[in-house]
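Now for the letters of each chain:
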There are 2 protein chains.
Amino acid sequence: MPDTPITEDRLQAQIQSIITLLSREQMVTDAAIQQSTQKRDLVEQLTHRQHMAEVANRINALAPADIAHLLEMLPRDQRRAAWEQVGLDKAGDVLWEATDGVADALARATDRDRLLAICRHLDDDDLAQIADHVPDDVLQQHYLSLAPETRAWVKAAVSYPDDSVGRLMNNDQIAVDQNATVKDVLKQLRRLGTLPGQTNRLFVVDERRRLKGVLPVKTLLLHRPRAFVADLMEQDAPRFGPEDNTGAAARAFERYDLVSAPVVDDKGRLIGRLTVDAVMDFVREEAEDQALKREGLNPDEDLLGPIWKTARQRWLWLGLNLLTAFIASRVIGVFEGSIEQLVALATLMPIIASVGGNTGNQTIAIFIRGLALDQINASNIRPLALKEVGVSTVNGVIWGSVMGVIAFALYQNPALGAVMAAATLLNLLVAAVVGIGVPVTMNKLGRDPALGSSVLLTFVTDSMGFFIFLGLATVFLL
Amino acid sequence: MPDTPITEDRLQAQIQSIITLLSREQMVTDAAIQQSTQKRDLVEQLTHRQHMAEVANRINALAPADIAHLLEMLPRDQRRAAWEQVGLDKAGDVLWEATDGVADALARATDRDRLLAICRHLDDDDLAQIADHVPDDVLQQHYLSLAPETRAWVKAAVSYPDDSVGRLMNNDQIAVDQNATVKDVLKQLRRLGTLPGQTNRLFVVDERRRLKGVLPVKTLLLHRPRAFVADLMEQDAPRFGPEDNTGAAARAFERYDLVSAPVVDDKGRLIGRLTVDAVMDFVREEAEDQALKREGLNPDEDLLGPIWKTARQRWLWLGLNLLTAFIASRVIGVFEGSIEQLVALATLMPIIASVGGNTGNQTIAIFIRGLALDQINASNIRPLALKEVGVSTVNGVIWGSVMGVIAFALYQNPALGAVMAAATLLNLLVAAVVGIGVPVTMNKLGRDPALGSSVLLTFVTDSMGFFIFLGLATVFLL
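Definitions and cut-offs
- Each chain has its residues counted from 1, following the order in which its sequence is written.
- Throughout, the order in which chains and ligands are written sets their labels, letters from A for the former and numbers from 1 for the latter.
- The predicted nature of this model means local features are confined to residues of pLDDT at least 70 and side-chain atom pairs, given and counted, to a pLDDT of 80 or more, with totals for whole chains, interfaces and linings taken over all residues.
- Helix and strand labels come from DSSP, where a helix needs a run of H or I of at least four residues and a strand needs a run of E of at least two; each type is numbered from the N terminus.
- Computation of the radius of gyration draws on C-alpha atoms, with the globule rule given as 2.2 Å multiplied by the number of residues to the power 0.38.
- Working definition of burial: number of other C-beta atoms within 10 Å of the residue's own, with buried at 20 or more, exposed at 12 or fewer, and partly exposed in between, all C-beta atoms being placed from the backbone.
- Throughout, an axis means a line fitted to C-alpha atoms (over the contacting stretch in the case of helices), and angles, computed between N-to-C directions, take values from 0 to 180 degrees.
- Each angle receives one of four descriptions, namely roughly parallel if under 35 degrees, roughly antiparallel if over 145, roughly perpendicular if within 65 to 115, and oblique otherwise.
- Helix crossings are classified by the rotation of the near helix relative to the far one: an anticlockwise turn of less than a right angle makes the crossing left-handed, while a clockwise turn makes it right-handed.
- A residue pair is marked as a contact if its C-beta atoms, positioned from the backbone, fall within 7 Å.
- Three classes are used: nonpolar for Ala, Val, Leu, Ile, Met, Phe, Trp, Tyr, Cys and Pro, charged for Asp, Glu, Lys and Arg, and polar for all others, with Gly counted as polar.
- The copies were overlaid with a least-squares fit restricted to C-alpha atoms from residues scoring a pLDDT of at least 70 in each copy.
- Note on pairing: two strands pair once DSSP finds at least 2 bridges between them.
- Here pLDDT means the predictor's own confidence in every residue, given as a number from 0 to 100.
- Here the limits of each domain have been adopted from an automatic or database domain assignment.
- Throughout, the arc means the angular range of directions from the helix axis out to the C-beta atoms.
- Note on terminology: a nonpolar core is a set of buried residues of type Ala, Val, Leu, Ile, Met, Phe, Trp, Tyr or Cys, with members joined through C-beta atoms within 7 Å.

1. So, the overall build of chain A
When its secondary structure is counted, chain A shows 23 helices and 5 strands. For 478 residues, the compact-globule formula gives about 23 Å, and the C-alpha radius of gyration of chain A, at 30 Å, lies well above that figure. Summarising its shape, the C-alpha atoms of chain A cover approximately 90 × 75 × 40 Å along the three principal directions. For chain A, with 478 residues in total, the buried portion stands at 49%.

2. Some words on the packing of helix H3 (residues 64-73) of chain B against helix H5 (residues 88-97) of chain B
When two helices pack together, you describe them by how their axes are tilted relative to each other and by the distance separating the axes. Residues and elements named next belong to chain B. Where H3 contacts H5, the two axes come as close as 8 Å, and the packing angle between them is 60°. Comparing their axes, H5 and H3 come out oblique. Two packed elements cross with a definite hand, and for H3 against H5 that hand is right-handed. Judged by residue contacts, Pro-64, Ala-65, Ile-67 and Ala-68 of H3 engage Lys-90, Asp-93, Val-94 and Glu-97 from H5. Broken down by class, the residue content of the contact of H3 with H5 amounts to 5 nonpolar, no polar and 3 charged.

3. As for the relation of the copies chain A and chain B
With an RMSD of 0.1 Å, the operation that places chain A on chain B is a rotation of 180° combined with a shift of 0.0 Å along the axis. Classification of the inter-copy transformation places it as that of a two-fold axis.

4. Structural notes on the sheet that holds strand E3 (residues 211-216) of chain A
Residues and elements named next belong to chain A. Taken together, 3 strands build an open sheet; the order of strands is E1-E2-E3 and the sheet is mixed. Single-partner strands in this sheet number two, and they are strand E1 (175-177) and E3. The mean inter-strand angle of the sheet, taken between neighbouring strand axes irrespective of direction, is 40°.

5. Brief notes about H3(B)
Burial analysis of H3(B) places 10 of its 10 residues in the buried class, which makes it a mostly covered element. Listed as buried for H3(B) are B:Pro64, B:Ala65, B:Asp66, B:Ile67, B:Ala68, B:His69, B:Leu70, B:Leu71, B:Glu72 and B:Met73.

6. Focus on the confidence of the model for chain A
All names here are of chain A. When pLDDT is averaged across chain A, the result is 86; 95% of the residues are at 70 or more. Within the model, the stretch residues 1-5 combines pLDDT values under 50 with 13 contacts to residues more than four positions away or in other chains. The ipTM value of the predicted complex is 0.78, and its pTM value is 0.79.

7. Section: the domain arrangement of chain A
Taken domain by domain, chain A consists of domain 1 (8-159), domain 2 (175-277) and domain 3 (314-477). One C-alpha centre belongs to domain 1 of chain A, the other to domain 2 of chain A, and the line joining them spans 35 Å.

8. A few points about the packing of helix H7 (residues 112-121) of chain B against helix H9 (residues 136-144) of chain B
Residue and element names in this part refer to chain B. Put simply, H7 and H9 touch, their axes get as near as 10 Å, and they point 45° apart. Regarding the angle of H7 to H9, the classification is oblique. For H7 against H9, the interelement crossing comes out right-handed. In this structure, H7 contributes Arg-112, Leu-115, Leu-116, Cys-119 and Arg-120 to the contact, and H9 contributes Val-138, Gln-141 and His-142.

9. Some details on helix H7 (residues 112-121) of chain A
Residues and elements named next belong to chain A. By the burial criterion, the buried members of H7 are Leu-115, Ile-118 and Cys-119. Relative to the axis of H7, the buried residues are bounded by an arc of 100° and lie together on one face. If you follow the buried residues of H7, they end up packed against helix H5 (88-97), helix H6 (100-108), helix H8 (124-130) and helix H9 (136-144).

10. A look at the interface of chain A and chain B
Reports often express the size of an interface as the amount of accessible area lost when the parts come together. Listed by partner, the interface residues are 111 residues for chain A and 111 residues for chain B. No other element matches helix H20 (residues 344-372) of chain A, which puts 18 residues into the side of chain A that touches chain B. Per-class residue counts for the side of chain A that touches chain B are 59 nonpolar, 29 polar and 23 charged.

11. Describing the nonpolar core
In this structure, A:Leu71, A:Leu274, B:Leu71 and B:Leu274 are the most contacted members of the largest nonpolar core, which totals 156 residues. Formed by 124 residues, the second largest nonpolar core is a distinct cluster that contains A:Ala344, A:Leu345, A:Ala353 and B:Ile352.

12. Focus on the pairing of strand E5 (residues 270-275) of chain A
Residues and elements named next belong to chain A. A large share of E5 lies buried, amounting to 6 of its 6 residues. As paired elements, strand E4 (residues 260-264) and E5 share 5 bridges and run antiparallel to each other. Across the sheet, Val-264 pairs through a bridge with Leu-270, a residue of E5. Where E4 folds back on E5, the antiparallel hairpin that results is connected by 5 residues, among which Gly-268 adopts a positive phi of roughly 80°.

13. Let's talk about the pairing of strand E3 (residues 211-216) of chain B
Residues and elements named next belong to chain B. In terms of burial, E3 is a largely internal element, 5 of the 6 residues being buried. Sheet topology note: the strand E2 (residues 201-205)/E3 ladder contains 5 bridges and is antiparallel. By the bridge assignment, Val-204 is partnered in E3 with Gly-213. In textbook terms, the turn of a hairpin is the stretch between consecutive antiparallel strands, and for E2 and E3 this stretch comprises 5 residues, one of which, Arg-209, has a positive phi near 70°.

14. So, the environment of B:Ala365
Within the secondary structure, B:Ala365 sits in helix H20 (residues 344-372). Classification of B:Ala365 by C-beta neighbours within 10 Å gives buried; the count is 29. C-alpha separation for the pair B:Ala365 and B:Glu301, spaced 64 residues apart in sequence, amounts to 23 Å. Once residues within four sequence positions are removed from consideration, B:Ala365 is found in contact with A:Ala291, A:Leu292, A:Glu295 and A:Leu297.

15. Overview of unusual backbone geometry
One non-glycine residue with positive phi stands out, namely A:Asp257, at about 50°. Topologically, A:Asp257 is positioned in the loop between helix H15 (246-255) and E4. A:Asp257 gets classed as partly exposed once you count the C-beta atoms within 10 Å, which come to 18. One non-glycine residue, B:Gln412, lies in positive phi territory at about 55°. Residue placement: B:Gln412 occurs in the loop between helix H21 (381-411) and helix H22 (414-444).

16. Quick notes on the sheet that holds E3(B)
All names here are of chain B. Read from one edge of the open sheet, 3 strands run E1-E2-E3, paired in mixed fashion. Every other strand in the sheet has two partners, leaving strand E1 (175-177) and E3 as the edge strands with one partner each. Geometrically, the sheet is characterised by an average inter-axis angle of 35° between neighbouring strands, direction not taken into account.

17. Comments concerning the environment of B:Leu456
Residues and elements named next belong to chain B. Looking at the element boundaries, Leu-456 is found in helix H23 (residues 453-477). Leu-456 gets classed as buried once you count the C-beta atoms within 10 Å, which come to 20. Sequence separation between Leu-456 and Ser-401 is 55 residues; the distance between their C-alpha atoms is 28 Å.

18. Regarding the environment of A:Val433
Mapping A:Val433 onto the fold places it in helix H22 (residues 414-444). Spatially, the C-alpha atom of A:Val433 lies 44 Å from that of A:Ala131, the residues being 302 residues apart in sequence.

Shown next, in the form of C-alpha cells:
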C-alpha cells in the first residue's frame, strides 16, 4: 500500500479537501444551469474539467476503504461525480468496502461496460464479495471470461449463505506438500515472488489436497532447510467449513488471536482461507448493526439515499408502532369512566408507562449483549432472570415509595399515593419479565434477539402500565 | 496453543461439562451443609476433592479467553470455586480476558500472595492490562521484583489514559538495525528462538532506537541474504503514538488491514507494538458497550453480581428517568381542565408520545452509528438533517392522516381527528430535530453521543407530544 496515509488526521484532511473541491464544483455547475446551458462558455467547461481532474487525482491517491468512506459521506450528485473518477483498479474494492446500500446505489449508477471492466480488474474472491451488487447478466458475461476452475470457485463461493464463512473466505491460500522440506517451501515461495496479505501460515495438504496441518511462516525462518514440513506443522489449529456461521468463526478468531485460518470442505479438502481483516470488518458491522436493528431499521439503508425511499423503508415499523400504541390506548379507553371521575389519573399514568419502558429496555440491552457474547445459556439463565427480578423488586419498592409520596403531596390523596407506589413496583416487575422473555424467546426461536425488541417491549410496558395503574385506581379509589 | 479446541461446538460442550460438574458439586455441598457439618464423613470429603480435581483438570485444559468466558457465566459461589482451580500460568491472562466487572470481583476474592504470584507469571505488557484490578500495594511490591528497565516500561504503560494506544500496546516488538542485511536479521531471529504472536513485520531502527521503517517478515523469505534491510523496508507504514486515541487506531487497522504496527514516542523512538488481536477485542467491546450506554447502563457491570449492588448502580438513571417522566406528567397536569371536558384526549395522547419516541430513537441510532463510523461530519450534516426532517414530514403527513381518520371514526368528532393528524406530524418533526440534535451536540461537546441519549430524547418527545396534542385540542376543540 504505497498510498497509505500515516495518520488519521492527515487522512481526514485529505478527505475534507476533496469534499471541499467537489462542493465548490457543484455550486459552479448549479449556478451555470440556472443561467441556462447556452451561456456556459468554453472557459467555464475547461475549468470544470480541470477541477474534476484534480478531484480524480486526489481520490485515486486514497486507499479503497477510504474512497468508500468518502463516497458514503457525499450527497447523491457529488457521490456520483466522485464515483465516476475512481480508477478501474480500485473501483471493485471500493464497492466491496462500501456498505451494502451505497454499493447498490453506485452499481446501479454505473453502465454495463464499466461494471464488466470493474469485475475484470477484481480478484476472484473479491468478486464473490461484490456479486450481490452486480446485475446477473453482467456476472454471467464475466464468468465466460474466467478460466474453468476459477469460474467454479467463484460460483461456489457466491452460492454460500450470506452469514457463512464461505462468503467471507478468499482464494489466495498457499498450500504446501506434506512431504516437502523447509527448503522446498522456500523455493516455492520465491517462485511466487510475493505472499498475499495476512499470510502468517501456510496450509499443509496431502496429494488429494486434504488439509493435514498449518505451518506458521515464522518456522520457515527459525528452522534448518532440511527440516520436514510434517515435523514442524501444527495439526490441531482451528479450521472452518464454508457453511459455518461467521459469528462463531469470528469468536474463534478473537479467542485464539488468529490472523488466518484454513477453510475445508466436508471431505477435509482445503478450499479457501479466512483472514482477520475480513473477520474484523464483519465484527464491526455486526456490532454496529445491532443498535439499528433494535429500532427496526435496515442497517444497509443508505445514509444519504432519497427521502421517499427511506420513508417507505420505515413504514412497516412505523405502522407496527402505531398499531401497538393504538392498542395500548384502547386499554386507557376502557377506563375513561374512571379518568372522568379523577382526572389526576390521566396525568400520572404516563409516569408508570415510562419507567417500565426504560427499565425494560435496560434489561433487554443486557440480555441481548449476554446472548451475543455467549455469556447467557441454559445453565445460568435462571439465576440471571431471578437477579433481574430481584433488582426490579428492590428498585420498585424504593422508587415506588418515592413516587407514591410525591403523588400524595400533589393531590393530597393518600390512597392515590398508595396506588401509584404499587403500580410502579408492579410495572417494574412486568418490565423485568418481558425484558428477559423477549430476547430469550427470540433467541430460542432462532431469530435475532435484537430485531424489533424495543417496540415489542414498549408495547407491553405501556399497555400493562396503563392497565395496572388505572385498574388499581378503579378498584381502590372510586 | 496446544489446547486450542478445533470447533466452537466442542468448546461449548467442554464448557457445559464443567458447568454441570460444578453445579452437581454445589448441590452435594448444599445438602451436606443442611445435614449439619459434623455428619460430613471422610468419604464425602474425598469425593468432593476428587470432583474438584476433575474440574481443575478440565478448566486448565481451556484457553484463558475460554476460562474467562466460563467464569462470566457462573453464579458467584461456583465462579469463586472455579477461579481457585485456575493455574497460576493462566490466571493472569484470564483476568485480562474477563470483563472489567468480573475481573474486579475475581481479584477481590483472591488473597495477596496469590495475586502477587499471578503478577509474577505475567508478561510485562499483560501486567499493564490488568493493573487496574490489582491493589496498589500488591503492584508496588511486584515492581520491586522487576528489572529496572522493565519496571520503567510497565509504569509508563500503566500511566497512559484508558482509551489510548499506550494502554493497549505490548512490549514484545522486534527491532532490527537499519544497517543490517537479511542474513543478520535471520541470525538475530534464530538467536531469539521464536517470534511473538502476530509478528508479521519487524521494526527497523537507527542507533538511537528511532523508527526508520517496517520490514515485513515475508521479505526475509523472498530476498537474498545479502540484501540490505534499508532497501527492503517500507518507510510510510502507519505508526501510532502512545497517547493516540484507540478508536482512531482501530479504524486505521480496519482500513489498511494491519496485523501489527509500531508505537513511537514524541521523539520517534520505538516504544511498543500494537497488534490486531488487542485491536479486535477493543472494537468488539466498544461496539457491544454502545447499546448498554444508550440505556444508561455501566458496560462493566457484572452480569451475575449481587442484586443490591446492581440495583444501586441503576439508581442515578432510574431517578433521572422518574424526574423527566414527572416533568412530562406536569405538562399534562396543566391541561387537566381540557381532559375533564373531553376524556378522549387522555386516551389518545400516549399514541402521539409513543410514535415520537420510537421515531426519534431511530434517528438517534442512525446518527450515533454515523458518528461512530465517521460517516457524519461538518460537510454533510446539513443534507443529512434535512433528509431526516423530510422523512418525518412524509411519514407524518401519511400516517398522521391515518391516525386522524381512526380517531374520527372512534369518537365521531372531525375536529378531534384533525388535531390528532396535526399533532402526529408535529411530534414526528420534533422527534427528528431532537434525534439529530442530541447525538450531534453530545459529540461536539466531546461526550459519548450514545450515553443516555434515549432517556433525554424520550423526555422531549413525551413532553412535547403531550403539549402539542393537548394544546391544539384546547385551542381548537374546547
